[in-house]
Amino acid sequence: MTLPAHAQIVVIGGGIIGCSTAYHLARDHKADVVLLEQGQLTSGSTWHAAGLVGQLRSSASITRLLKYSVDLYKRLDAETGLATGWKMSGCLRLASTQDRWTEYKRLATTARSFGIEMELIGPAEVKRMWPLLQVDDLIGASWLPTDGQASPSDITQSLARGARMAGAKIHEGVKVMGFAMDGARITHVHTDQGVIACDRVVNCAGQWARQVGAMVGVTVPLQPVKHQYIITERIPGLSPDAATIRDPDRRTYFKEEVGGLVMGGYEPDPQIWTQGDIPDPWAFRLFDDDWDHFGQHMEQAIARIPALEQTGVKQMINGSESFTPDGNFILGRANACANMFVGAGFNAFGIASGGGAGWALAEWTMTGEAPLDLWVVDIRRFAGMHADRQWVADRTAEAYGKHYTVAFPHEEMSSGRPLITSPLYARLQAAGAVFGSKLGWERPNWFGPPGAQDVYAMGRQNWFAAVGAEHAQVREKAGLFDQSSFAKYELTGPGAAAALDRIAAGDVRKPPGRLTYTQMLNTRGGIECDLTVARLADDHFYIVTGTGFRTHDFGWIADHLTGDCTLRDVTEAWGTLSLMGPLARDILGKVAAGGPGSVENATFPFGHVRNLHVAGVTIRALRVTYVGELGWELHVPIAALGDVYDALMAASPDLRPVGYRALESLRLEKGYRAWSSDITPNDTPAEAGLGWAVKLAPGRDFIGRAALEKAGNAPLAKRFAGFTLANRDAVLVGRETILRDGQAVGYLTSGGYGYTIGQPIGYGYVRNPDGVTPEWIKSGSYTLVVTGDILPAQLNLAPFHDPAGQRVRA
Ligand SMILES: Cc1cc2nc3c(=O)[nH]c(=O)nc-3n(C[C@H](O)[C@H](O)[C@H](O)COP(=O)(O)OP(=O)(O)OC[C@H]3O[C@@H](n4cnc5c(N)ncnc54)[C@H](O)[C@@H]3O)c2cc1C
């Protein structure tokens, strides 16, 4: 079959992800799709996958995609005539430690929050369901009846047939060699068999996706890792309907296959494969059996299933799979190329994800917007550091090694650190900082005595009291936060105001010297960005957003800019010190060249930006707060950050550095929303209680306005609300189910502890298909499901603590 000269969309890669994407593009969007596969369909990682299909993840959106996969695999054979091998065998996850058991109690709650049936059962019940298991060391297991297994190659062939039936053209034995570009836009795909002009490209090239991305300057930070499993001979007494088993405390998994078992695991010392290009050709290739390395899994598996000791091994599969630095896959469009969409890096759950990820990627490719909140897998969660192959390899190895360890709340990764440090690093270290890292930046989480470090726990952690003292410091005196990692951009030019006005839901056209706290919305009215805009001059805006959102928010703004203006990322040029607390004005007044008068409310009101002179430098002071106290964000030329910090610290014995964990507690009390958890592309400002920040002035036309207007004054289907618990010892971590009059109506998006009020605090959306009216929401009686226990909760729609009574940020 000769290649067409033109296609609307070229999909690269005939593994499960490419075939699923092509299927959805052709079936749902009637797109003109050509799929190119250098070898044969499935010949990359897909053919040798074990085929376990689990559904529950800590993100509601990813869980939704996995559920979508299961629904698709169940019915695909009826549509295409090719079976997928889907078997709803259910999944048992075994727990043999108390921490693991607590993890499962939380998981069961998460499952309930996300609408999945999951129960916890005791060892006797486990033994009844799976008689070959040794259960003496078990505390219990979680049971998820709707999980299952499928045949990776069969699903992929079935998807490919479905794609062809809907009009897609699939070419095997065609290798993509490069691209012709017009600026940042691909115009043609060059293959070893000819050239195809196209509008969009979808890079589903598996472990080759890094190489294919690099051809157009797109970083796809994945690392191939060797992953092994064995297939055993038949085991007498093993039921063909046996549930899949995950035994994370022994780092192993099992699946029934033709009377025997598939058994594999996640070792703490993974074998990173090539950091260069994938050898060519690499179709249907495996590595040699490596019993020395696999022995650790064998030992643990025999301890769990003693019958394995007498069972022969038919085959070892030692294959390569793409893993990523954070264990999540990679979807979407990177900033570097205007029309390449990526779906890769599936961390050994590409079969489970395939159906849903292909659906989402097809929608994203067609509309340019993710169809739901996919932040945890969005390619724009990465930054420049992810182009460093060694860093990616080290962090990926750590993430792989932790695949089956207990996931403690607030756990930090340790590899590849420190990477980026602020000029205050040594000073903060000397003050006892225990650092965390965010997008490469070292940031103080809390301050402790010399040698202090995190000790992770499922309940109260070792930093609880220290963070409480920092919290009180900010509420009672003043604290200094090093927030230099904030992402910062400058938008300049005669068209800057008009361009920003078209993207921001808030009123950014205020006069110079004013700040605007604003959201940027997608066409569904969902919140894509949540940031502060300072107007420095008529044609000059300074934009500040969260550390982790640097690439994403820059991309969102840049993509939607029109007219004569220029956007620049100036993150490294400016350090940020947030001076917060009732004494903030006194302290700033002492060091500001203009004296106390320059920071009085009359001269420097809330929601304003002014240049101040401190320690001989001109700094940008933004009067905002994320903690609910009087305060300023001081943006300092980075080289002078140390001098300004020293001047502030010397100005008052009542000032001390404070860390990010106290910041979290303070913002929870004040009710400030965090983008990516409390507010996401799934949530409109009205649902989030941020309707006041949207300016629907007549004649203003900003992205998302039409969707907000369409929703009109109809009752909201969900509403953001806060909860406190009378049980002061309960630990909230997020995803706890919200019950109203005993019925599940939502789950927590944030959870933590408010030290001033002395209670656990949670936030989440309360849902009602008939509309969440103020009367309805207030009239219910609320409880939260916390680690399996139902605890009475108090709903609150106002801040839990509001010392200044000032409006949010601007
Ligand atoms: C041992 C093992 C066990 C696993 N078990 C499971 C499991 O139980 N459950 C689960 O969900 N997942 C499992 N996985 C993971 C799963 O196999 C992968 O996540 C999935 O197959 C990835 O699919 P893909 O389409 O992204 O990549 P691939 O299947 O690798 O497809 C990418 C395709 O792109 C093609 N390509 C690359 N470059 C070009 C080019 N320049 N031009 C044209 N074509 C190109 C390649 O030839 C390849 O066929 C396992 C993986 C391994 C290694």
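Above: the structure in question.
The following paragraphs examine the structure supplied in this document. Just so you know, these numbers come straight off a predicted model, no measurement behind them.

Focus on the overall build of the protein chain
Here's step 1: The helix and strand tally for the protein chain stands at 18 helices and 38 strands.
Here's step 2: The C-alpha atoms of the protein chain give 27 Å as radius of gyration, which agrees with the globular expectation for 810 residues (28 Å, within 12%).
Here's step 3: A total of 810 residues make up the protein chain; the buried ones form 62% of that total.
Here's step 4: On the protein chain, roughly 28,600 Å² of surface is accessible, and the fraction owed to carbon and sulfur atoms is 51%.

Some thoughts on the pattern of salt bridges
As a working rule, side chains carrying opposite charge can pair if their charged atoms are close by.
Here's step 1: As enumerated under the stated definition, the model contains 41 salt bridges in all.
Here's step 2: One salt bridge connects Lys402 with Glu411, and the closest N-O pair in it is separated by 3.5 Å.
Here's step 3: Judged by its relative accessible area of 30%, Glu411 is partly exposed.
Here's step 4: A single network of salt bridges, built from pairs that share partners, joins Asp137, Asp247, Arg250 and Arg304.

Some details on the side chain of Thr110
Here's step 1: Its location among the elements puts Thr110 in helix α3 (residues 98–113).
Here's step 2: Look at Thr110 and you get buried, because its relative accessible area is 5%.
Here's step 3: Discounting residues that sit within four places of it in the chain, Thr110 has contacts with Leu56, Arg57 and Arg735.

Considering the site of the ligand
Here's step 1: Within the structure, the ligand sits among 37 residues, and Glu37, Ser45, Thr46, Glu321 and Ala352 are positioned closest to it.
Here's step 2: Expressed as a share of its isolated accessible area of 1,000 Å², the protein-covered part of the ligand is 98%.
Here's step 3: The set of elements that each furnish at least two residues to the shell around the ligand consists of α1 (16–29), β2 (33–37), β12 (223–232), β17 (313–323) and α8 (350–367).
Here's step 4: In terms of residue class, the shell around the ligand is built from 19 nonpolar, 15 polar and 3 charged.

A short note on the environment of Val455
Here's step 1: Structurally, the position occupied by Val455 is in the loop between β21 (441–447) and α11 (464–476).
Here's step 2: A sequence separation of 120 residues divides Val455 from Gly575, and the C-alpha atoms of the two residues are 30 Å apart.

So, the state of the cysteines
Here's step 1: Scanning all chains against the criterion turns up 0 disulfides.
Here's step 2: Here Cys198 is not disulfide-linked; the sulfur of Cys337 is the nearest cysteine sulfur, at 9.5 Å.
Here's step 3: We classify Cys198 as buried; its relative accessible area is 7%.
Here's step 4: You can see Cys204 has no disulfide; the closest cysteine sulfur is in Cys19, sitting 9.1 Å from it.
Here's step 5: Looking at Cys204, the relative accessible area reads 6%, which means it is buried.

Describing the sheet that holds strand β25 (residues 527–537)
Here's step 1: Strand order in the open sheet made by the 5 strands is β24-β25-β26-β23-β27, with antiparallel pairing throughout. Both edges of this open sheet fall to β24 (515–521) and β27 (566–569), since each of them pairs with a single strand only. With direction set aside, neighbouring strand axes in the sheet form an average angle of 30°.
Here's step 2: As defined by bridge partners, strand β23 (residues 487–492) adjoins strand β26 (residues 540–545) across 6 bridges and the pair is classed as antiparallel. By the bridge assignment for β26, Lys488 is matched with Val544.
Here's step 3: Helix α13 (residues 550–560) rests against β23, β24, β25, β26 and β27 of the sheet, and its axis sits at about 75° to β25.

Let's talk about helix α7 (residues 291–304)
Here's step 1: A rise of 1.5 Å per residue sets the reference length of α7, with its 14 residues, at 20 Å; its end C-alpha atoms lie 19 Å apart and thus fit the reference within 8%.
Here's step 2: Of all the bends in α7, the largest measures some 30° and sits at His297.
Here's step 3: Taken together, the buried positions of α7 are occupied by His293, Phe294, His297, Met298, Ala301 and Arg304.

Overview of the packing of aromatic side chains
Here's step 1: Under the defined criterion, the tally for this structure stands at 31 aromatic pairs.
Here's step 2: Pairing Tyr253 with Tyr266 gives two aromatic rings, centres 6.1 Å apart and planes at 50°, and the pair type is tilted. Residue Tyr253 is located in strand β14 (residues 252–257), and its partner Tyr266 is located in the loop between β15 (260–265) and β16 (271–272); the two are separated by 13 residues in the primary sequence. Here Tyr253 matches Tyr266 in class, with each residue buried.

Some remarks on the sheet that holds strand β31 (residues 631–637)
Here's step 1: The 6 strands are arranged β29-β30-β31-β28-β22-β32 in an open sheet whose pairing can be described as mixed. Whereas interior strands pair on both sides, the edge strands pair on one side only; in this sheet they are β29 (609–614) and β32 (655–657). Pairs of neighbouring strands in the sheet enclose a mean axial angle of 30°, with direction left out of account.
Here's step 2: In the sheet, strand β28 (residues 574–580) pairs with β31 via 7 bridges, with the strands oriented antiparallel. Directly across from Ser578, in β31, lies its bridge partner Glu633.
Here's step 3: Running over the sheet, helix α15 (residues 641–651) touches β22 (478–482), β28, β29, β30 (617–622), β31 and β32 and is turned about 15° from β28.

Examining the environment of Ile619
Here's step 1: Here Ile619 is to be found in strand β30.
Here's step 2: Owing to a relative accessible area of 0%, Ile619 belongs among the buried residues under this scheme.
Here's step 3: Put simply, Ile619 and Lys105 are 514 residues apart on the chain and 49 Å apart in space, counted from C-alpha to C-alpha.
Here's step 4: Residue contacts for Ile619: discarding those within four places in its chain leaves Arg610, Asn611, Leu612, Val614, Leu634, His635, Val636, Pro637 and Val644.

Quick notes on the pairing of β22
Here's step 1: Here β22 lies mainly inside the structure; 5 of its 5 residues are buried.
Here's step 2: The two faces of β22 match: Ala478, Leu480 and Asp482 on one face and Gly479 and Phe481 on the other face are all buried.
Here's step 3: Pairing geometry for β22 and β32, over 3 bridges, is parallel. Counterpart to Leu480 in the pairing with β32 is Pro657.
Here's step 4: Pairing analysis gives 4 bridges linking β22 to β28, with the strands arranged antiparallel. Following the sheet pairing, Leu480 is matched in β28 by Leu579.

So, how was this worked out
Residues numbered from 1 in each chain as written. Predicted model: local features only at pLDDT ≥ 70, side-chain atom pairs only at ≥ 80, totals over all residues. Heavy atoms only, no water. Helix = DSSP H or I, 4+ residues; strand = E, 2+ residues; numbered from the N terminus. Rg over C-alpha atoms; globule rule 2.2 N^0.38 Å. Buried < 20%, exposed > 50% of the residue type's maximum accessible area, 1.4 Å probe, protein only. Areas by Shrake-Rupley, 256 points an atom, 1.4 Å probe, with all protein chains shown as cover. Salt bridge = Lys/Arg side-chain N within 4 Å of Asp/Glu carboxyl O. Contact = heavy atoms within 4.5 Å. Near = heavy atom within 4 Å. Nonpolar A, V, L, I, M, F, W, Y, C, P; charged D, E, K, R; others polar. Disulfide = S-S within 2.5 Å. Pairing = 2+ DSSP bridges. Axes fitted to C-alpha atoms, helices over the stretch in contact; angles between N-to-C directions. Expected span 1.5 Å × (residues − 1). Bend = angle between axes of the 7 residues up to and from the residue. Phe/Tyr/Trp six-rings, centres within 6.5 Å; stacked < 30°, edge-to-face > 60°.

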